[in-house]
Structures are given as structure tokens and as C-alpha cells.
Protein chains: 2
Amino acid sequence: MNAPAQPEACFSIAAVERDTGLAKDTLRVWERRYGFPTPARDANGERVYPPDQVDKLRLIRRLLDHGRRPAGVVGASVDELARMLDDCVCPPGAAPATREDGLLQLVRLHRSAELNAALRQALMKQGLQRFVADTVAPLAAAVGEAWVRGEVEVPEEHLFTEQVQNVLRSAIGAHATPGGQPRVLLTTFPEEEHVLGLLMAEAMLVPEGASCVSLGTRTPLADIRSAAVGGGFDVVGLSFSIAYPARQAIDDLLELRAMLPPEVAIWAGGAAVRDKQKRLPGIRVVGGLDDTLAALAEWRAARA
Amino acid sequence: MNAPAQPEACFSIAAVERDTGLAKDTLRVWERRYGFPTPARDANGERVYPPDQVDKLRLIRRLLDHGRRPAGVVGASVDELARMLDDCVCPPGAAPATREDGLLQLVRLHRSAELNAALRQALMKQGLQRFVADTVAPLAAAVGEAWVRGEVEVPEEHLFTEQVQNVLRSAIGAHATPGGQPRVLLTTFPEEEHVLGLLMAEAMLVPEGASCVSLGTRTPLADIRSAAVGGGFDVVGLSFSIAYPARQAIDDLLELRAMLPPEVAIWAGGAAVRDKQKRLPGIRVVGGLDDTLAALAEWRAARA
DNA sequence: GAATCATTTTTGTCCTGGACAAACAAGATT
DNA sequence: AATCTTGTTTGTCCAGGACAAAAATGATTC
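This structure is a prediction, so every number in the text was calculated from the model and none was measured.

## Regarding the packing of helix α8 (residues 128–148) of chain B against helix α13 (residues 289–303) of chain B
Residues and elements named next belong to chain B.
- At a minimum axis separation of 9 Å, α8 and α13 run at an interaxial angle of 145°. Facing α8, whose interface residues are Gln129, Arg130, Val132, Ala133 and Ala137, α13 presents Leu289, Asp290 and Leu293.
- Classifying every residue of the contact of α8 with α13 by side-chain character gives 5 nonpolar, 1 polar and 2 charged.

Written out as C-alpha cells, the structure is:
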């Protein structure tokens, strides 16, 4: 009946930038170089992107985050893109998910209450640290993959993040240990807006008696410095998601290292810095959640 | 000793855009029209902004958020800007803060544990709803004003947000009422990243037996629609901070109204939509936190 | 075969200066 | 007091050129 569905559902270049994370300049230069996207023009000569091209741009964005290069993906058909996404996602994991499958089914809008109950139950059963390492982290990875494959909608991923946040923040609050050592400042760089990595790290550290202060995401470099120095912290912990450009992570970390006094340790964790230890002198690369505990033990041993 | 302090502390135009929220195009056009800012150029001819100009741009940004126009503020001296900020901030409140003064002192990096304890204590004493309306909301406003006046640092404001989040999310989780009516979907538009307004609304609604699902911030319009329809919600609640342009809030809300079936109510709250009820037919403008309860009562009365 | 280095290609970001519509202020009219 | 001009301010968009950082490729050495 409603043939054009949403007749007004067209996107300005600013709207596309918001929705896809691709800069306006990038969108224009792709059009010039690769012949895609091909927006229409309005009466004023300004670009008007149809929804299907925006969807395709979102796919492309995800492929770039997984290491593909524009020449290979901009201009491919939607089918080809979908095939590439399968290639990106399946081979590394081999086992395509097992235990988390059950929970993954609950990442649906209409099942939010069930997901919440299941998460709290798992937390009770496993304790905070195992819950984070064995349930939350694999589930978050599974949701990310499912989103890449289009099996999970944007609002469902949002909802998942919110619910995990609720559970983790409650649990962390219940473990409060004032005066513990070391004093850890947790945050992310301004371009990184994913908060779950931070919360998971905090959840690993707090039960060990460390006293964590989280600034949340997107803290400017200069402010991280002033907070770390002014607050008398022993460790600054940074979290990087898969989408953070590895090169920039390294540059930013080295710049922060130069700004901070040497007695303040820097711990960096997340997909973008994995296996980059040799390029990051003076920084402790945390390879995974359990490695957080190793880093903590090392710090305490060095202080003993 | 260290004469230039941070010799490398200079900003590219992209860094300034991140830190101030002013678009690159805007920064360039201000330079052309008003003669400010006046960045140096690097060897490559690209703009390099000194830190003091970035600080001034941040002041200007805050004044614009308070309704000033660029012609009057871009190009004024820092002293004049500071005076304008006092004018903006003081007159409306008259009483420049009273009860919250004590808590405001705790919004310091080194007093985070005290702030956390004080918040939890106030929550216990007042109950969730009074805590939100009488303590959190005024305190958040006071922190915002103190930030405008430069009395609170960026990391301290971040920390404040984090701590309030921790307390509110714990408390909301403890009130879980599955199956309650109405079913409320809470989120913000993609340009709005402040989360406290959402949490405060949720904290008002949950004790009344409403069942709230929060998607967090920055949900694209189309996804709000699909979530509301697919999840069978009765109400969609949107939150707008003072920084959200009023005009865009109205346009976006009307667009969402047109996308949603009429039986789904829209509630909009926050500084950007206050007093805009007459321009928002079909939308319930929530004037303040206590008005949330009135909106809820209206909805239930209409369904009775 | 793997690691290091030099060269070429790819790719994102920045530049200038012009254009224009939406937002706003102010005055005129009902 | 509300609504409708008219003029000014202001943010965003455009084109198309330029360039450096990143990645791929190939050459050389251990």
C-alpha cells in the first residue's frame, strides 16, 4: 500500500556523516574517485542520499573497520559486500559461538526483561570477574559480529550495551573498596566512545582491591594528564575498541606517555592495541581481561 | 624551567572541532568574517591553533549555547566573555545555589569517594524520586554553571556524570517492575550525547510502576521508529540538553511524530524544548522532572 | 624464509573562496 | 498582542586542487 514507505526518508550529507561515521570530505572524494555513492541533488544543488545507499555505506564502514581497503569495497555490489563480511567474521572464530548462543537470542527488543534477568543470574552464579571474562566479553563479541551480519538491529545493540552497563555498574558499586592500591584512572581518548571496555576493566580490578576512578569516554589528552597528575593516580587505563585506528592509538599513547611522569603507569587494552607491545615502550599492553589481573600483580610485585 | 610548558600542545582544526564542537567550516568562516580565531600555519600551510585560543573558543561555544549570537561574542576579549557568562548564569537563578553548595565542593578529582558516599546517603534518605528531583537535578545544573565559569575542570565534570550514573543505574535496577504499564522507550536523537536526562527520567518513572527500556544516547530517527513499533511501546521519551538547538529539536520531534503511529505517545523533556509546547502538536512537552509524573498520570487517566 | 628498507600507490584530510537558505531581529500592519 | 514584511546574520554546502600519512609492493640482506 505505502509504496515509497517513507517518502521523506532522504539524507543530507551531514546526516550521512552522523549515521555512518564517514566524514563529509570522504563522502565527496569517494564520489569523485570511485563513482559511489551517487546522491541525487535537491533544488539547491545539494547532495541527497537515498536510504539504500546509506545502508550500503554502513556495510562499507564495517568492512573498513575490519581492515579492508576502500578500493576493494567501495563500488562492490551489496551481495559482494555481504560475502566479504562473512569472510571477515567467520574464519578467525572457527567455532561460531556456543554458550553465548542462548543469551544472544535474548538481545531482542521485546526480550529485554529476560536478558536483564539472565545477566543478573549469571553474575550471581559466576561472580563478577568470571561473569565479565566468560560471559560479557564473549557475548559482546558475538553481538558485534551479529550486527556486522545484519542479524541484530542498531537499537538492539544499543539496548544490549545499556543493560550490560546497568548490571556492571551495580556490581562494581557493591564492591567499593576505598583506599585500595593502586589508584587507577580509567578513560578513553576523545575519538573512542565505547564504554563497555572500561567497565569490564573496572569490574576486573575492583574485586582485587584496586581503587578505580572512571572518567567515562572521550576525555581530551590534556585533561587525562591533569586528572592523572592532580588526582595522584598510580595507573592510567585506556580502552580501545576494534574500530579505533591502530596507528592513531599508538601515536596517542606515546604522546600521553611523554606527557605523564614516568612513575605513572599506562595500561592499554582492546582490539586496536593487541600485539602492539613492541611498538609501545613504557606502556603495558593488556592482552585480554585476564591479563588485567596479571598487570595488576606485576605492578604490586614491582612495588613490594 | 619548562618555559613553554607543553611545547607540543597545539591543535589541528580537527582537534579543535572535537574539543569545542564547532565545525571545521564554522571555524574557517569565523576567521574570514570576524578575524578570530587567528591560527598559525604549519610547514604544510595547515591551521595550528594555540591552546589559549581554543580555551576562548570553548567560552564562546558556551555563550552561544546560552542564546548569544556570534557577532556579539566572537572577537570580544576574554574579560568581556567572562562578564557575559556571569550575566547569562546569575540572573535567572537569583539564589546562586544553597543546599547543593556542599555537594558541589565534592566534585573534585581527589574527593570522588566522598561524593559517591554523599550521593548514596542522599539517595537512602530521600528515596529515588526526591533524590533525583531535589538533589541530582540541581547539582547537575550547578556543575554545568560552575563549568561555564571555569571553576570545574573537564575531567571533573566527566567524573561527576559517571558517579551519578553509577548511583542512578544501581537504584533503577533495584526497582525493576516487569510488566508495568505504560511501556516507555527512552533515548536521545543522534546529536544529543548527554545521558543524565534520560537516567533521571527513568528514575522518576520506574518507581511508579512504568516499565522503561533505555536505548542510551544517539539513536538514529529511523531506529527509534523501528524500536518503538517493533517493541510495542506506548510512549517514546526523548531528552534534550541545553546545548541542543531548539529549532532542530522541534523539527526532529515533528518528523518523529509523523513517522510513529498516533497511538504511540511522545514525551520530550529538557531545556531545549521547555515552553515549546504550542509548536509541538501531538507531543507532550515535559517541563521538569515532577512534570514527568503528571504526564504519566495523564496517560493513565486517558487509558482508564 | 623472515626481517629490514626503499619505492609506489592509495586514501583521508585540509585548503580557498564563492554561494545560498535558514534563523534571527526589527519594524510595519492588522 | 499577534502576524506579516524586510533586511541582516550565520552555518553549511560546493568544487576541485593539493599533499602527507598509511598501506602495498618490491628489493635486499641476514
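After that view of the structure, there is still more to cover.
## Let's talk about the relation of the copies chain A and chain B
- The two copies are related by a screw motion: chain A maps onto chain B through a turn of 180° and a shift of 0.1 Å along the axis, at an RMSD of 0.2 Å. On this basis, the relationship between the two copies can be described by a two-fold rotation axis. If distances are taken from each C-alpha of chain A to the rotation axis, the shortest is found for Ser170(A), at 2.3 Å.
- Counting the interface residues of chain A, we find that 100% of their copies in chain B are interface residues as well, pointing to one common contact surface.

## Let's talk about the packing of α8(B) against helix α9 (residues 154–174) of chain B
Residues and elements named next belong to chain B.
- Where α8 contacts α9, the two axes come as close as 11 Å, and the packing angle between them is 170°. Taken together, the axes of α8 and α9 are roughly antiparallel relative to one another. Seen from α8, the contacting residues are Leu128, Phe131, Val132, Val136, Leu139, Ala140, Val143 and Trp147; seen from α9, they are Val154, Glu157, Phe160, Val164, Val167, Leu168, Ala171 and Ile172.

## Notes on the pairing of strand β5 (residues 235–240) of chain B
Residues and elements named next belong to chain B.
- Counting buried residues along β5, 6 of its 6 residues qualify, which places the element largely inside the surrounding structure.
- Burial along β5 is two-sided: Val235, Gly237 and Ser239 and Val236, Leu238 and Phe240, pointing in opposite directions, are all buried.
- The sheet contact formed by strand β3 (residues 183–187) and β5 spans 4 bridges and is parallel. When the sheet's bridge partners are listed, Leu185 is paired in β5 with Val236.
- For the handedness criterion, the β-α-β arrangement of β5, helix α12 (residues 246–259) and strand β6 (residues 265–270) is classed as right-handed.

## Some thoughts on the protein's contact with DNA strand C
- Taken together, the neighbourhood of DNA strand C is formed by 23 residues, with Trp30(A), Arg33(A), Lys24(B), Arg28(B) and Arg47(B) sitting nearest.
- Sugar plus phosphate: this is where 73% of the atoms of DNA strand C within 4 Å of the protein reside.
- A distance of 2.9 Å separates a phosphate oxygen of DNA strand C from a polar side-chain atom of Tyr34(A).
- For DNA strand C, a phosphate oxygen lies 3.2 Å from a polar atom in the backbone of Pro70(A).
- By residue number, the principal contributor to the surface near DNA strand C is helix α2 (residues 24–34) of chain A, which donates 6 residues.

## Some words on the sheet that holds strand β5 (residues 235–240) of chain A
Residue and element names in this part refer to chain A.
- As summarised here, the arrangement of the 5 strands in space is β4-β3-β5-β6-β7, forming an open sheet in which the pairing is parallel. Edge positions in the sheet fall to β4 (211–214) and β7 (284–286), since each has one partner strand and no second. On average, each strand axis in the sheet is inclined to that of its neighbour by 25°, with strand direction left out of account.
- Across 3 bridges, strand β6 (residues 265–270) lies against β7 in parallel orientation. Residue pairing in the sheet places Ala268 in a bridge with Val285 of β7.
- On the sheet, helix α10 (residues 196–205) packs against β3 (183–187), β4, β5 and β6 and is oriented at approximately 165° with respect to β3.
- The strands touched by helix α13 (residues 289–303) are β5, β6 and β7; relative to β7, the strand with the most contacts, the crossing angle is about 150°.

## Comments concerning the sheet that holds strand β4 (residues 211–214) of chain B
Residues and elements named next belong to chain B.
- With parallel pairing, 5 strands are arranged side by side in an open sheet as β4-β3-β5-β6-β7. Every interior strand has two partners, whereas the edge strands, β4 and β7 (284–286), have only one. The sheet shows a mean angle of 25° between the axes of neighbouring strands, taken without regard to direction.
- Here β5 pairs with β6 via 6 bridges, running parallel. Bridged to Val235 within β6 is Ala265.
- Together, β3, β4, β5 and β6 form the strand contacts of helix α10 (residues 196–205), whose direction differs from that of β3 by roughly 165°.
- With respect to the sheet, helix α11 (residues 221–230) is in contact with β3 and β5, its orientation differing from that of β3 by roughly 165°.

Scoring rules and cut-offs
Residues numbered from 1 in each chain as written. Chains lettered and ligands numbered in written order. Predicted model: local features only at pLDDT ≥ 70, side-chain atom pairs only at ≥ 80, totals over all residues. Heavy atoms only, no water. Axes fitted to C-alpha atoms, helices over the stretch in contact; angles between N-to-C directions. Helix = DSSP H or I, 4+ residues; strand = E, 2+ residues; numbered from the N terminus. Contact = heavy atoms within 4.5 Å. Nonpolar A, V, L, I, M, F, W, Y, C, P; charged D, E, K, R; others polar. Least-squares fit on C-alpha atoms with pLDDT ≥ 70 in both. Parallel < 35°, antiparallel > 145°, perpendicular 65-115°, else oblique. Buried < 20%, exposed > 50% of the residue type's maximum accessible area, 1.4 Å probe, protein only. Pairing = 2+ DSSP bridges. Right-handed = clockwise from strand over helix to strand, strands pointing away. Near = heavy atom within 4 Å. Polar contact = N/O pair within 3.5 Å; in protein donor to acceptor, adjacent residues only side chain to side chain.

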